[in-house]
Amino acid sequence: MTNHNLYLRLVGDRFEKAAEQPFLITPGRLPLLFSELHRMSGLVAARLQQLNVGPGDRVMVQVAKSPESVLVYLACLRVGAIYIPLNTAYTPAEVSYFIEDAKPQLFICQPGERENLVARSKAGNVPHTRTLGSEGDGDLLIDVERLSPEVPVVEREADDLAAILYTSGTTGRSKGAMLSHHNLSSNAQVLHRYWQWQDRQDVLLHALPVFHVHGLFVALHCALLGQSTVHFLARFNPDQIIDCLPDCTVMMGVPTFYTRLLNDARLTDQLCAKMRLFISGSAPLLAETHRQFEQRTGFRILERYGMTEAGMIASNPYQGDRLAGTVGYPLPGVSVRIADNHGNELPRGETGVLELKGPNVFKGYWQMPEKTAREFRQGGWFISGDNAVMDQTGRISIVGRARDLIISGGYNIYPKEIEAEIDAIPGVGESAVIGLPHEDFGEVAAAIVVKDGSRQLGEQQIIEPLQGRLARFKQPKLVIFVDELPRNTMGKVQKAELRETYKASVNRP
Ligand code: MCA
Ligand code: AMP
């Protein structure tokens, strides 16, 4: 049997004879070298085995971005475990749900969160809880050097799961998108070719979080396939970005990265002299940002489109027109069609829901077969939930969302989840959470609240109870009280009308 384990493609023993080339350069730390990658992921894999983590077991991870966190990911692949990264902003209450749902064999959290989370792990019957800090500290890796790194790469079939990434749902309940070894390796190989990755020469600027597809798979997989050195920054810090840019050739970011860089006078064409490619995705890039960026640096940002359930789906061409406001063409091997609400393909030029098929499309939602079935059309087309239009040449523009979703600084916020929390606050009659334009984050969540008259309510009485229940980025940045919500004749809340009414309410960060 062919071993489809993604680890073999990404690392294997490909780099053992590599010269001392850095893989991850992290400020203030010694670089993690390519030549060390197989041995070090072997040590972590040996630790996982000591904790009885084997093929098919889930390893849930809520840790700071660090070279060690990448080693944990690679070690999971190597032993055939399923990697489940969580946003570090999630509260213990949110994490409890994921633990309950995924039933991990091992949960790894930040050392400072241990107290908060061990009880949750126990309640969820997680056999092992360990800690990992941003410097590799914590108890996960204690004495790991004493173990043998000779851990074989477990045989995996193409459809075996490599990772589960949680994505919120329109019902408010998070769903685990199951991604197979083949989903991830096929997408990585396509991107590596499509963006003309320069093997051993590209240097990647990485300031994205590593718990989402963008920072974890798109960026790191391309770097591994291309044996690229990565400036691996904990977060988007303008000073560090400006410091690193002269040494880099590729940057991937969400639109907020680009608007923030444009607000920094230090961004010049000279600073980007070595750069080859700026890529944007996860949220719509404004045409104005595209234009200003080109004016300032000479680079036309390459915008691409993807989603957790399918990795990357479409991209502007590497060579050829990178058009602002479009996400380019379906990637090789990916089929895209624009359909009406019943799954009938629409003629070019008409707006409808984007549906897709291809080796990148996930295996379904973890333990939700019915939900999974509802998201696919006959013939295997996955319904993306994005509204789009395709021109005569096949070029795609995303024009809106069929589902109720806010994208803030590249993070998804599902209004339903926030509304459920707000509606539970005493004194609230009902609420509607909408996305409003915001200069820095693109859009942010705002809550429109109707009181029930039983008690005095101000903004603080709405926000306060959300602390500890919802991650900060999901919490409304503005609360507006109204007498009633606008509804249509069917009784449905008219969110478009609310968005229009309050569109200028939050603007500056
Ligand atoms: C932080 N805050 C936010 C956000 N980020 N609020 C709304 N939206 C956000 N995205 C809040 C914090 O809770 C805090 O609130 C305050 O803003 C400042 O937080 P800080 O951590 O300093 O913010 P930052 O470091 O400046 O981060 C902003 C950021 C970051 C750089 C835009 O959110 C980011 O890296 N986003 C990228 C997300 C991403 O990778 N998305 C890809 C997923 P307070 O002060 O009140 O406590 S999508 C995907 O993977 C698909 C497949 C795709 O197509 O790529
Ligand atoms: P996620 O579920 O976090 O993977 O987010 C995926 C969603 O992000 C997609 O369904 C789109 O709505 C949005 N998205 C990603 N890339 C783009 C883009 N380039 N333009 C517009 N929306 C995007």
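> Just to check I follow, could you spell out the state of the cysteines for this structure?
Cysteine pairs can be linked by a disulfide, which is a covalent bond between their two sulfur atoms. Inspection of the entire model under this criterion finds 0 disulfides. Unpaired in terms of disulfides, Cys244 finds its nearest cysteine sulfur in Cys248, a separation of 5.6 Å. Residue classification places Cys244 among the buried positions, given a relative accessible area of 10%. Summary of cysteine pairing: Cys272 is not part of a disulfide, and the nearest cysteine sulfur, belonging to Cys248, is at 10 Å. On the accessibility criterion, Cys272 (1% relative accessible area) is buried.

> In this structure, what is going on with the packing of aromatic side chains? I would like to understand it.
Two aromatic rings are characterised by how far apart their centres lie and by the angle between their planes. Under the definition given, this model contains 18 aromatic pairs. Ring geometry for Phe278 versus Phe299: centroids 5.2 Å apart, planes at 70 degrees, classification edge-to-face. Residue Phe278 is located in strand E12 (residues 277–280), and its partner Phe299 is located in the loop between helix H10 (287–297) and strand E13 (302–307); the two are separated by 21 residues in the primary sequence. For the pair Phe278 and Phe299, a shared accessibility class is recorded, and that class is buried. In this structure, Arg276 packs its charged tip against the face of Trp197, placed 5.9 Å from the ring centre. When the ring centre of Tyr318 is taken as reference, the NZ or CZ atom of Arg322 above it lies at 5.4 Å.

> Would you mind showing me how to read the site of ligand 2 here?
Within the structure, ligand 2 sits among 14 residues, and Arg304, Thr308, Asp386, Arg403 and Asn412 are positioned closest to it. Arg304 has a polar backbone atom sitting 2.7 Å from a nitrogen atom of ligand 2. A distance of 2.6 Å is found between an oxygen atom of ligand 2 and a side-chain nitrogen or oxygen belonging to Asp386. If ligand 2 stood free it would expose 500 Å²; the protein chains cover 92% of that surface. Split into classes, the residues belonging to the shell around ligand 2 amount to 6 nonpolar, 4 polar and 4 charged.

> I keep staring at the side chain of His206 and nothing clicks. Help me out?
Tracing the backbone shows His206 in strand E9 (residues 203–206). Classification of His206 by relative accessible area gives buried; the value is 1%. Within the structure, the side chain of His206 is placed 2.8 Å from the side chain of Lys65, a separation counted as a polar contact. Ignoring any residue separated from it by four or fewer positions in sequence, one finds His206 in contact with Lys65, Gly215, Ala219, Leu220, Val230, His231, Phe232 and Leu233.

> What's the story with the nonpolar core in this structure? I'm lost.
General note: in soluble globular proteins, nonpolar side chains tend to be found buried as a group. Counting 120 residues, the largest nonpolar core has Phe23, Leu37, Tyr73, Leu74, Trp195, Met252 and Phe278 as its most contacted members. Among the elements that line this core, the one with the most residues is helix H7 (residues 213–225), at 10 residues. Apart from residues no more than four positions distant in its own chain, Leu37 is found in contact with Tyr7, Val11, Phe15, Phe23, Leu32, Leu71, Leu74 and Leu224. Counting 36 residues, the second-largest nonpolar core is a separate cluster that includes Met60, Leu86, Val126 and Leu161.

> I keep staring at the pairing of strand E22 (residues 428–438) and nothing clicks. Help me out?
Sheet faces and side chains relate simply in a regular strand, where the side chains alternate between the two faces. Among the 11 residues of E22, 8 are classified as buried, and the element is accordingly described as predominantly covered. Here E22 runs beside strand E23 (residues 442–451); their pairing, made up of 10 bridges, is antiparallel. Residue pairing across strands places Ser431 opposite Val449, the latter belonging to E23. Following E22, the chain reverses through 3 residues before pairing antiparallel with E23.

> Can you walk me through unusual backbone geometry in this structure?
With a phi close to 60 degrees, Asn52 is a non-glycine residue in the positive phi region. Residue placement: Asn52 occurs in the loop between helix H2 (34–50) and strand E3 (58–62). The phi dihedral of Gln367 falls on the positive side, at around 55 degrees, and the residue is not glycine. With respect to the helices and strands, Gln367 occurs in the loop between strand E17 (352–357) and helix H11 (369–374). On the basis of relative accessible area, Gln367 is assigned to the exposed category, the value being 58%.

> Sorry, what's going on with the site of ligand 1 here?
Residues in contact with ligand 1 amount to 25 residues; listed here are only the nearest, Arg260, Ser282, Arg304, Ser408 and Arg472. Take His214: an N or O atom from its main chain is 3.0 Å from an oxygen atom of ligand 1. One of the backbone N or O atoms of Gly306 is found 3.3 Å from an oxygen atom in ligand 1. Calculation on ligand 1 without its partners gives an accessible area of 1000 Å², and the protein chains cover 76% of this total. Breaking the shell around ligand 1 down by element, the ones donating at least two residues are H7, helix H9 (255–262) and E13.

> Would you take a moment to explain the packing of helix H6 (residues 181–194) against H7 for this structure?
Angle between the axes and distance between the axes are the two parameters that describe a pair of packed helices. Contact geometry of H6 with H7 gives a least axis separation of 9 Å together with a crossing angle of 70 degrees. Between H6 and H7, the angle falls in the class roughly perpendicular. By crossing handedness, the relation of H6 to H7 is classed as right-handed. In this structure, H6 contributes Leu184, Ala188, Gln189, Leu191 and His192 to the contact, and H7 contributes Phe217, Val218, His221, Cys222 and Leu225. Grouping the amino acids of the contact of H6 with H7 by side-chain chemistry returns 7 nonpolar, 3 polar and no charged.

How each quantity is defined
- Residues numbered from 1 in each chain as written.
- Chains lettered and ligands numbered in written order.
- Predicted model: local features only at pLDDT ≥ 70, side-chain atom pairs only at ≥ 80, totals over all residues.
- Heavy atoms only, no water.
- Disulfide = S-S within 2.5 Å.
- Buried < 20%, exposed > 50% of the residue type's maximum accessible area, 1.4 Å probe, protein only.
- Phe/Tyr/Trp six-rings, centres within 6.5 Å; stacked < 30°, edge-to-face > 60°.
- Helix = DSSP H or I, 4+ residues; strand = E, 2+ residues; numbered from the N terminus.
- Lys NZ or Arg CZ within 6 Å of the ring centre and 35° of its normal.
- Near = heavy atom within 4 Å.
- Polar contact = N/O pair within 3.5 Å; in protein donor to acceptor, adjacent residues only side chain to side chain.
- Areas by Shrake-Rupley, 256 points an atom, 1.4 Å probe, with all protein chains shown as cover.
- Nonpolar A, V, L, I, M, F, W, Y, C, P; charged D, E, K, R; others polar.
- Contact = heavy atoms within 4.5 Å.
- Core = buried A, V, L, I, M, F, W, Y, C linked by side-chain atoms within 4.5 Å.
- Pairing = 2+ DSSP bridges.
- Axes fitted to C-alpha atoms, helices over the stretch in contact; angles between N-to-C directions.
- Parallel < 35°, antiparallel > 145°, perpendicular 65-115°, else oblique.
- Left-handed = near helix turned anticlockwise from the far one by under 90°.

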